[in-house]
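# Overview (structure and organization)
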Amino acid sequence: MKYNFKKIEKKWKLKHKKINFFKINKKSKKKFYILNMIPYPSGYGLHVGHSIGYIFSDIIAKYKLRCGYKILNPIGFDSFGLPAEQFAIKTGKHPEIIIKKSIKNYIKQIKNLGIFLDLKNIINTCNSNYYKWTQYIFIKLFNSWYDNKNKKAKNIKILIKKLKKEKKWEKYNNKKKNKILNKYRLVFLKKSFVNWCPYLKTVLSNDEIYNNKSIRGGYKIIKKKMLQWHIRITKYLDRLLNDIKYLKWSKNIINSQKKWIGKKKVFLIKIKSNVGYIKLYIKKKKKNIKNIIIMAPSYNINFFLKNIKKKYKNEFIKKINKLYNNEEIKILIKTNLLNNKNKKINIYISNYFKNKYIKGVYILKKKNNNFLNKKNNLIYFLNKHFNIKKIKILKKIKKKIIFNLNDIVFSRQRYWGEPIPIYYKYNIPFNIKKKYLPLKLPNINNKILKLKNINKWAWDIKKNKIINKSKNSYLLDINTMPSFAGSNWYYLRFIDNKNKKKIISNKKEKFWKTVDLYIGGSEHINGHLLYSRFCYKFLKDIKIVNFKEPFKKFINQGLILYYSFSIFRLYKYKKFISYDLIKNYKKNNLIKIYIKNEFIINKNELNIKLFIKKNNEYKKFFFKKKKEFLCLMKIEKMSKSKLNIINPNSIIKKYGIDVFRLYQMFIGPFNKKKIWNIEKIKGIYKFINKIWNYFNNLNIINKKLNYKENILINNFIYKINNNLKFFNLNVSISNFMKFFNKIKKKKKIKIKILKIFLILFSSFSPYISEELWFLIKNKKSIFFEKIPKINKEFINLKIKYLLMFNNKLKNVFYIKKEKNKKKYIINKYLKKINKKKIKKIIFKKNKILNILF
RNA sequence: GCCUAGAUGGUGAAAUAGGUAAACACGCAGGACUUAAAAUCCUGUAAUUCAAUUAAUGAAUUUUGCGGGUUCGAUUCCCGCUCUAGGCACCA
């Protein structure tokens, strides 16, 4: 008889609806807060990279629940951000409608993964009840400064009091006062670069750009400086670094964070020339610089601009802009400086460092000569037009500590994000008071989604309301927050989601404390985790939370990779170039565009007809090819932006939820990347069917376990527990199979063995376990059952030893626990051997006896 | 370019603190059942060589991306490479 998963899963889904699993251990003092990073709800739906995380955390939660913990395992959606806005522009629908639809679909899909879901505790970052508090945190940052002495954020009022003691302060006008305060505020205004598309007249994200051109349309991009909100995370870097010691994270993630913060002790050297200063950071205290100096294009180029004629100035800036995002190495400037021994030092500005945020300057070592070998690319430009000859290295060499991480840009020139709760009065920023939050994002029907375009976007300071722009009204900030604003702190809100007065109540925080196990993709290791830790530390300073770190333990979910396909468009032309022909074109003139794999035939050939049919905008394009039009095929992370998503729905339809859950855990270790492949699911499908058939043809005995059975079952529990402890779920599934292979031969079986098997198995495959649980005459859901305890008497009774001669295995022997002593074992086995010949005896407890001749 | 990981049979993978490499599966091959197929069950399955062949089997060597090192012993530790993936600040 085949296992009819459709019928059984439907039945148990309904029954489970009536049980609130999160209240099972309501009175327990032990708690377990497990959390997945919340996803972005894209229109493509949940993919197998998401579901693997949900299933994983659900298995752990179901296990912990029956160990007696009170469980919190919520879900949420990080729903502000670019893709919805892009989709809105394309289709004319409002992003909110798109997001709502997506979320509905996501929840439907998550429900279909067999997980315990608390529908009352869901976070949606674009909900004004939620982003009210995101705005509140922004205001708190705005009204705080960092007291370096106490190493703590404090209210700006305290700073003003201090400043008032200085006589000058009162004399300053408001503008000047604001300028000074801006230097202290934890969120502050500063100019920084954005990707500006002159043709589209918008700022574009890095994702929308390839080779310095916009992917959509293929227009040029330039770097443009704009006034932006920044978060002064640099004040917290020392604390973020020091507190790493409290984290139970894996070494590589901790290392990655450390490097990303990038604390370095360096020496500061200033070089003075006839045109200005260059600052150099070097590792060793040296007065002579022999090597070549390379500067990142982001370095303060004003140094060069001072003595340059206007005519060339513009050209210079253009060339600097070009250097950003260029993939090829290009060198812009070569000047001839002399060090104090009158030897030449060359200075280059180069995109040799793709990381444009590299601090200042790099001194080239001889090793990295390939930089200079690319002489073909040198553009000698500036040295033609001005002379820098006299230079001097100033004598003072200062020790300094620098960090890799800079203050974070916190504003976006977009519509679909949290509005920044700031209005401007005579160009001075003021925050909207807490009472009047949320500052709601206005509705727009226009296709160009920008707060700038909205007429009703000014603040009435008397009525505290949004009003129409006019001469007398105060304009609201036209930027929105970046998408990580809302995801910085959601882990707190889940604890107390419905609280209208506070972010989180003291009482609830005291119980749930912080996240016990946080799960997320490795791509978030640097960004999200660091920003969240920063946010938590700030909230601690202002006494909203009370612990040191937000995530006690973090495990990173290995990325799911899959085949992605892309085609290349020739810049300025309505032309696509087949992948085998792109060698003939300059790299910089090509724009890479991802396409869905439904247009692919024969490995990596494009079905042009179908592609044009479904993508109207490319109707008039020419496809240059030899025989077939080929695409670039790569294996990359599964993501909506790469259009290589696999949706679990069809798999679940074919094999059922239980099989899918088991399969996703079986395909490999959770924290390692894996290429998606569905072939192996048959093995799991067989396994589930075998279990079903076995339970349906049984003679069950109601007797106590004998000695052998006790050993078997206790070791089994031990193994499963151990695997769960170290999160090796793929191995625990193997152990289920092994155990089942052992018991399936018996036609008469004791009920206790079956019960234990099902209780442990139900965390992985809940529905079949419930059905079989009732089949063997239980009357209450299996999830009310406690995880069986191990009887240590039956574990590791005999210890396995390897007997080796000259490192070659001769025999395997077992020693009883009581006799597991070096002397006893050596004596026992040396009797058999001629002792004169022995060179060395190597004995390792619980492992090996190796005799060398 | 910089940073962080990874690489084990035909495939997914396992191997606790350096101690039997390849557990558990998929696939494949052969067999049983069946008119047939599916399903199920059984057997074999890292490679090479040798011995043996009615059958069962036995023995040796090599093997964890490549090249070194430490060690009685390395998939595991160290050094140097290669390739792949992720991150590099406006994808989330």
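### Quick word on the overall build of chain A
Scanning chain A from terminus to terminus reveals 27 helices and 42 strands. When each of the 853 residues of chain A is scored for burial, the buried share is 53%. Contacts in chain A between residues at least 24 apart in sequence constitute 72% of all its contacts with a sequence separation of at least 6. By element, 51% of the accessible surface of chain A is carried by carbon and sulfur atoms, the whole surface being about 46,600 Å².

### Considering the sheet that holds strand β40 (residues 808-816)
The 4 strands lie next to each other as β40-β39-β42-β41, forming an open sheet whose pairing is mixed. Across the chains shown, the open sheet's two edge strands, defined by having one partner strand only, are β40 and β41 (840-844). Averaged over all neighbouring strand pairs, the angle between strand axes comes to 15°, with direction disregarded. Here strand β39 (residues 798-805) runs beside β40; their pairing, made up of 8 bridges, is antiparallel. Paired with leucine 803 across the bridge in β40 is asparagine 811. Along the sheet face, helix α27 (residues 822-830) touches β39, β40, β41 and β42 (848-852) and points at about 135° away from the line of β41.

### Focus on the pattern of salt bridges
Pairing between side chains of opposite charge can happen when their charged atoms approach one another. Tallied over the full model, the rule gives 16 salt bridges. A salt bridge links arginine 239 to aspartate 541; the nearest nitrogen and oxygen atoms lie 3.0 Å apart. One end of the pair, arginine 239, is in helix α9 (residues 237-242); the other, aspartate 541, is in helix α18 (residues 527-541), with 302 residues separating them in the sequence. Accessibility classification places arginine 239 together with aspartate 541 in one group, the buried group.

### Quick look at the protein's contact with RNA strand B
Surveying the vicinity of RNA strand B reveals 65 residues, the closest of which are Leu82, Ile667, Asn741, Lys800 and Asn807. Between RNA strand B and the protein, one listed contact pairs a phosphate oxygen with a side-chain N or O atom of asparagine 741 at 2.5 Å. When the residues that make up the surface near RNA strand B are grouped by side-chain class, the tally is 23 nonpolar, 20 polar and 22 charged.

### Topic: the environment of asparagine 406
In this structure, asparagine 406 sits in the loop between β20 (398-402) and β21 (408-409). A C-alpha to C-alpha distance of 10.0 Å links asparagine 406 and lysine 235, two positions 171 residues apart in sequence.

### Remarks on helix α10 (residues 251-261)
All of the buried residues in α10 are Ile253, Ile254, Gln257 and Ile261. Along the axis of α10, the buried residues cluster in a sector spanning 100°; they form a single face. In α10, the exposed positions that point more than 90 degrees away from the buried face belong to Lys251, Asn252 and Lys259. Looking at the residues trailing α10, positive phi occurs at glycine 262, about 65°.

### Observations concerning the packing of aromatic side chains
The full count for this structure, using the stated rule, is 64 aromatic pairs. On the numbers, 5.7 Å between centres and 85° between planes, the contact of phenylalanine 21 with phenylalanine 783 is edge-to-face. Linking phenylalanine 21 in the loop between α1 (5-17) and β1 (31-36) with phenylalanine 783 in the loop between α26 (766-775) and β39, this pair joins segments that are 762 residues apart in sequence. Within the aromatic cluster, the residues linked to one another by ring pairs are Phe687, Tyr694, Phe695, Phe716, Phe736, Phe739, Phe740, Phe757, Phe761 and Phe764.

### Describing unusual backbone geometry
For the bond running from leucine 437 to proline 438, omega is 0°, close enough to zero to count as cis. Structurally, proline 438 can be placed in the loop between β23 (428-431) and β24 (458-460). One non-glycine residue with positive phi stands out, namely lysine 513, at about 55°. On the secondary structure map, lysine 513 appears in the loop between α17 (506-512) and β27 (515-521). The backbone of asparagine 806 shows a phi angle near 50°, a positive value even though the residue is not glycine.

### Overview of the packing of helix α3 (residues 82-91) against helix α4 (residues 95-111)
In helix packing, the relevant descriptors are the interaxial angle and the interaxial distance, both defined with respect to the helix axes. Across the interface, α3 lies against α4 with an axial gap of 9 Å and an inter-helix angle of 120°. Both α3 and α4 take part in a crossing whose hand is right-handed. Touching Ala84, Phe87, Ala88 and Thr91 of α3 are Pro95, Ile98 and Ile99, all from α4. Across the contact of α3 with α4, the residue classes break down as 6 nonpolar, 1 polar and no charged.

### Focus on the nonpolar core
The biggest cluster of nonpolar side chains holds 178 residues, and the ones touching the most others in it are Trp676, Phe695 and Phe757. Of the residues forming this core, the biggest block, 10 residues, is contributed by helix α2 (residues 48-65). Counting contributing residues, this core receives three or more from each of domain 1 (5-125 + 488-557) and domain 2 (135-256 + 408-475). Among all residues touching tryptophan 676, those that are not within four sequence positions of it are Val48, Ile560, Leu561, Tyr562, Met638, Ile646, Ile651, Phe660, Tyr663, Gln664 and Ile667. Counting residues in hydrophobic clusters, the runner-up holds 18 residues, among them Ile567, Ile595, Leu606 and Phe623.

### Brief notes about the side chain of serine 51
Turning to its location among the elements, serine 51 is positioned in helix α2. Those residues in contact with serine 51 that lie beyond four places of it in its chain are Leu46, Leu113, Pro648, Phe660 and Gln664.

### Some remarks on the sheet that holds β24
Strand order in the open sheet formed by 3 strands is β25-β24-β26, and the pairing between neighbours is antiparallel. One side of each edge strand has no neighbouring strand; the edge strands of this open sheet are β25 (465-467) and β26 (474-475). As paired strands, β24 and β25 are joined by 3 bridges and run antiparallel to one another. Bridge pairing in β25 links alanine 458 to isoleucine 467.

### What about α1?
Residue pairs three or four apart in sequence face the same way in an α-helix, which turns once every 3.6 residues. With 13 residues, α1 ought to run about 18 Å at 1.5 Å a step, and its terminal C-alpha atoms sit 18 Å apart, in line with that. Those residues of α1 that sit buried are Phe5, Ile8, Glu9, Trp12 and His16. Projection of α1 onto a plane perpendicular to its axis shows the buried side chains occupying an angular sector of 95°, all on one side. Looking at α1, the residues exposed on the side facing more than 90 degrees away from the buried face are Lys6, Lys7, Lys10, Leu14 and Lys17.

### Some points on a positive patch on the surface
A cluster of like positive charges, contributed by Lys167, Lys168, Lys171, Lys176, Lys179 and Lys183, occupies part of the molecular surface. Mapped onto the positive patch, the elements with two or more residues apiece are α7 (167-171) and α8 (174-182). With 3 residues, the single largest contributor to the positive patch is α7. Relative to the assigned elements, lysine 183 resides in the loop between α8 and β7 (187-197).

### Topic: the side chain of asparagine 499
Mapped onto the fold, asparagine 499 is located in the loop between α16 (490-493) and α17. Since its relative accessible area comes to 16%, asparagine 499 is described here as buried. Within the structure, the side chain of asparagine 499 is placed 2.8 Å from the side chain of aspartate 496, a separation counted as a polar contact. Contact partners of asparagine 499, with chain neighbours within four places excluded, come to Trp133, Arg493, Ile504 and Ser505.

### Overview of the packing of helix α23 (residues 707-725) against helix α25 (residues 751-762)
Where α23 meets α25, the closest approach of the two axes is 11 Å, and the angle between their N-to-C directions is 5°. Judged by the inter-axis angle, α23 sits roughly parallel to α25. Two secondary-structure elements touch here, α23 through Glu709, Ile713, Phe716, Ile717 and Ile720 and α25 through Ile753, Ile756, Phe757 and Leu760. A class-by-class count of the residues in the contact of α23 with α25 yields 8 nonpolar, no polar and 1 charged.

### A word on a nonpolar patch on the surface
Taken together, the side chains of Tyr563, Met633, Ile635 and Ile675 define a hydrophobic patch exposed on the protein surface, amounting to about 320 Å² of accessible area. Tracing the chain through its elements places methionine 633 in strand β35 (residues 632-637). Residue classification places methionine 633 among the partly exposed residues on the basis of a relative accessible area of 31%.

What counts and what doesn't
Residues numbered from 1 in each chain as written. Chains lettered and ligands numbered in written order. Predicted model: local features only at pLDDT ≥ 70, side-chain atom pairs only at ≥ 80, totals over all residues. Heavy atoms only, no water. Helix = DSSP H or I, 4+ residues; strand = E, 2+ residues; numbered from the N terminus. Buried < 20%, exposed > 50% of the residue type's maximum accessible area, 1.4 Å probe, protein only. Contact = heavy atoms within 4.5 Å. Areas by Shrake-Rupley, 256 points an atom, 1.4 Å probe, with all protein chains shown as cover. Pairing = 2+ DSSP bridges. Axes fitted to C-alpha atoms, helices over the stretch in contact; angles between N-to-C directions. Salt bridge = Lys/Arg side-chain N within 4 Å of Asp/Glu carboxyl O. Near = heavy atom within 4 Å. Polar contact = N/O pair within 3.5 Å; in protein donor to acceptor, adjacent residues only side chain to side chain. Nonpolar A, V, L, I, M, F, W, Y, C, P; charged D, E, K, R; others polar. Arc of directions from axis to C-beta. Phe/Tyr/Trp six-rings, centres within 6.5 Å; stacked < 30°, edge-to-face > 60°. Left-handed = near helix turned anticlockwise from the far one by under 90°. Core = buried A, V, L, I, M, F, W, Y, C linked by side-chain atoms within 4.5 Å. Domains from an automatic or database assignment. Expected span 1.5 Å × (residues − 1). Patch = residues over 30% accessible without salt bridge, like charges linked within 9 Å, V, L, I, M, F, W, Y side chains within 5 Å. Lys, Arg positive; Asp, Glu negative; His and termini not counted. Charge placed at Lys NZ, Arg CZ, Asp CG, Glu CD. Parallel < 35°, antiparallel > 145°, perpendicular 65-115°, else oblique.

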